[in-house]
Amino acid sequence: MRRRLAALPAALLLVSLLAPVAAPASAVADGPASGAGGVGGVHRTITVTTSVETPPLYDDEAGGNASGDDPAIWVHPDDSERSIVVATAKEGGLRVYDVAAAELQSVAATPAPRADGVPGRFNNVDIAHGLAVDGRATDVAVVSDRYNDQIRFFAIDPAGAAAATPLTEVTAPELEFLFSPDRETVAEDQTAYGLAVYQPRRGGTYAVVTQEGSTTIATARLTTGPDGVGYTDIEHLELPGEFRLPDGTTWVPCEEPGVEPQLEGVAVDRRTGTLYATQEDVGLWRVPLPLGSGAPRLVDKVRDFGVHDAYDPETEECAPVDPAAPSYGGTNLTADAEGVDIWYGPGRAGYVIVSSQGDDTYGVYALTGGNRSLGTFRVAGDGVDDVDGSDGLAVSNAPVGEYESGLLVTHDEPETGPDVDPDRDATGFSYVHWGDVETALHLH
């Protein structure tokens with residue numbers, strides 16, 4: 001069953017950037033964040049280091065067209081040394097790594113279990129806990145499949161890293177397309193993209209999925225049965241794609257023809273049912289769930305927010321119409337704003353972490369108090385290469401092996417170093433002690 005929620009009212013489709021006293025009550029943009037590293041303020045980007053990274057993935061025929069994108073962390077309930085990291089590799093399927101970043105399993109992007117027989121392209125991944133699979137509570141890796149515009153499901157063996165095959169596909173057959181009416185439309189590639197799992201306290205499990213090349217977000221309720229894990233009750237909501245500026249003009253982020261300013265990274269605050277979503281050329285959104293239950297709010301903006309660009313079909317790039325024109329953006333994020341996840345502290349405290357792909361840094365925001373900015377950091381290599389161009393990320397507040405204060409896993413592109421073939425397109429993932437970030441940014 002599919003339902004499209006009513007579009008946001010016109011007053012919500014143009015985000016006012018005027019001073020708060022002039023903004024209408026229905027405006028969807030928050031004022032500038034404050035605090036150390038606050039939006040529009042002076043801040044210092046600190047550096048943490050990593051010495052742990054996964055083996056390189058190669059996006060070529062010899063490498064199985066594997067291109068790293070997004071990770072998720074599954075923490076073993078009894079022995080954190082047996083925890084695993086599940087990561088997407090697009091046409092290369094999935095990879096499973098242990099707490100030392102060694103590869104345990106490679107899962108091919110096989111055709112979806114439906115009659116069409118189209119191979120998969122796995123983009124984003126998250127973990128659903130305690131689904132009823134074959135009569136027992138099972139944790140499941142939930143994956144967006146771009147080539148099939150649907151969600152795929154992989155049961156996690158309770159033994160975790162000690163299992164011979166940590167992941168086994170349990171996707172039900174003949175699932176609906178998330179955004180497309182038919183297979184012909186799926187081929188146009190505006191399909192399932194970013195993904196996060198939402199498990200409200202009152203029961204039920206949902207996936208939140210963004211659409212490639214669009215401002216649309218979908219939610220779907222996960223189901224289980226004798227044929228496997230599926231979903232139903234698909235609902236859609238469109239976020240803004242144009243924004244009113246203080247100079248009276250309307251700004252539309254520059255994209256190639258037929259493409260809207262898309263969202264990818266998504267994470268749900270499991271304690272409040274609040275969705276955090278990155279719109280790549282716009283910034284970080286806070287969206288109440290269920291979709292349509294409240295007005296989305298723009299927490300922070302990318303640096304060049306409001307800069308009018310023109311698309312050049314020859315170079316396939318955007319360039320400013322007036323290089324001297326002002327920007328109305330923040331200072332924490334440089335487009336693309338990409339991966340997002342949440343570190344949970346005591347009570348309702350915690351942090352929202354966002355990868356700023358354009359300048360190889362990460363923004364950290366408070367989970368409470370209006371999501372004020374707490375600073376930015378970058379990841380340098382210690383015996384391995386620096387982390388560049390991060391796309392997806394995942395963070396755990398629970399101990400994971402030697403990562404006693406929690407583990408941050410982040411995508412790295414390009415992957416370089418003495419063990420990487422410089423003539424091939426290489427990507428990978430790096431592990432970071434979350435405690436190092438907390439200490440460096442004085443988050444305690």
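Residues numbered from 1 in each chain as written. Predicted model: local features only at pLDDT ≥ 70, side-chain atom pairs only at ≥ 80, totals over all residues. Heavy atoms only, no water.

Notes on a negative patch on the surface
A cluster of like negative charges, contributed by E256, D312, E314, E316 and E317, occupies part of the molecular surface. Along the chain, E317 turns up in strand β24 (residues 317–320). Taking relative accessible area as the criterion, E317 reaches 53% and is therefore assigned exposed. (Patch = residues over 30% accessible without salt bridge, like charges linked within 9 Å, V, L, I, M, F, W, Y side chains within 5 Å. Areas by Shrake-Rupley, 256 points an atom, 1.4 Å probe, with all protein chains shown as cover. Salt bridge = Lys/Arg side-chain N within 4 Å of Asp/Glu carboxyl O. Lys, Arg positive; Asp, Glu negative; His and termini not counted. Charge placed at Lys NZ, Arg CZ, Asp CG, Glu CD. Helix = DSSP H or I, 4+ residues; strand = E, 2+ residues; numbered from the N terminus. Buried < 20%, exposed > 50% of the residue type's maximum accessible area, 1.4 Å probe, protein only.)

Some remarks on the state of the cysteines
Each disulfide consists of one covalent bond between the sulfur atoms belonging to two cysteines. Taken as a whole, this structure holds one disulfide when the rule is applied. Disulfide pairing places C254 opposite C318 at an S-S distance of 2.1 Å. Between C254 and C318 the disulfide shows an S-S torsion of about -80°. By sign, it is left-handed. Of this pair, C254 sits in the loop between β18 (250–251) and β19 (263–269) while C318 sits in strand β24; the two residues are 64 residues apart in sequence, bridging distant segments of the chain. Residue C254 is classed as buried on the basis of its relative accessible area of 16%. You can call C318 partly exposed: its relative accessible area is 32%. (Disulfide = S-S within 2.5 Å.)

Focus: the sheet that holds strand β7 (residues 94–97)
In a beta sheet, neighbouring strands are held together by backbone hydrogen bonds and run either parallel or antiparallel to one another. One open sheet accounts for four strands, arranged β5-β6-β7-β8; its pairing is antiparallel. Pairing within the sheet leaves two strands with one partner each, and these edge strands are β5 (71–74) and β8 (103–107). Going across the sheet, the axis of each strand differs from the next one's by a mean of 20°, ignoring polarity. Across four bridges, β7 lies against β8 in antiparallel orientation. Bridge assignment links R95 to a residue of β8, and that residue is S106. (Pairing = 2+ DSSP bridges. Axes fitted to C-alpha atoms, helices over the stretch in contact; angles between N-to-C directions.)

A few points about the side chain of R95
Note that R95 resides in strand β7. Within polar-contact distance, the side chain of R95 engages the backbone oxygen of G92 at 2.7 Å. Within the structure, R95 has its side chain in polar contact with the side chain of S106 (distance 3.0 Å). Setting aside residues no more than four positions away along its own chain, R95 makes contact with L57, G63, A66, V85, V86, A87, A89, E103, Q105, S106 and V107. (Polar contact = N/O pair within 3.5 Å; in protein donor to acceptor, adjacent residues only side chain to side chain. Contact = heavy atoms within 4.5 Å.)

A short note on the environment of I73
Mapped onto the secondary structure, I73 falls in strand β5. Overall, the relative accessible area of 14% leaves I73 in the buried class. In the structure, I73 is positioned 12 residues away from V85 in sequence and 4.6 Å away in space, judged by C-alpha atoms. If we ignore the near neighbours within four places in the chain, the residues touching I73 are I84, V85, I127, A394, V395, S396, V400, L407 and V409.

Comments concerning the side chain of S355
In this structure, S355 sits in strand β26 (residues 350–356). There is a polar contact of 2.8 Å between the side chain of S355 and the backbone oxygen of D391. Once residues lying within four places of it in the same chain are set aside, the contact partners of S355 are D336, A337, E338, G339, T361, Y362, S390, D391 and L393.

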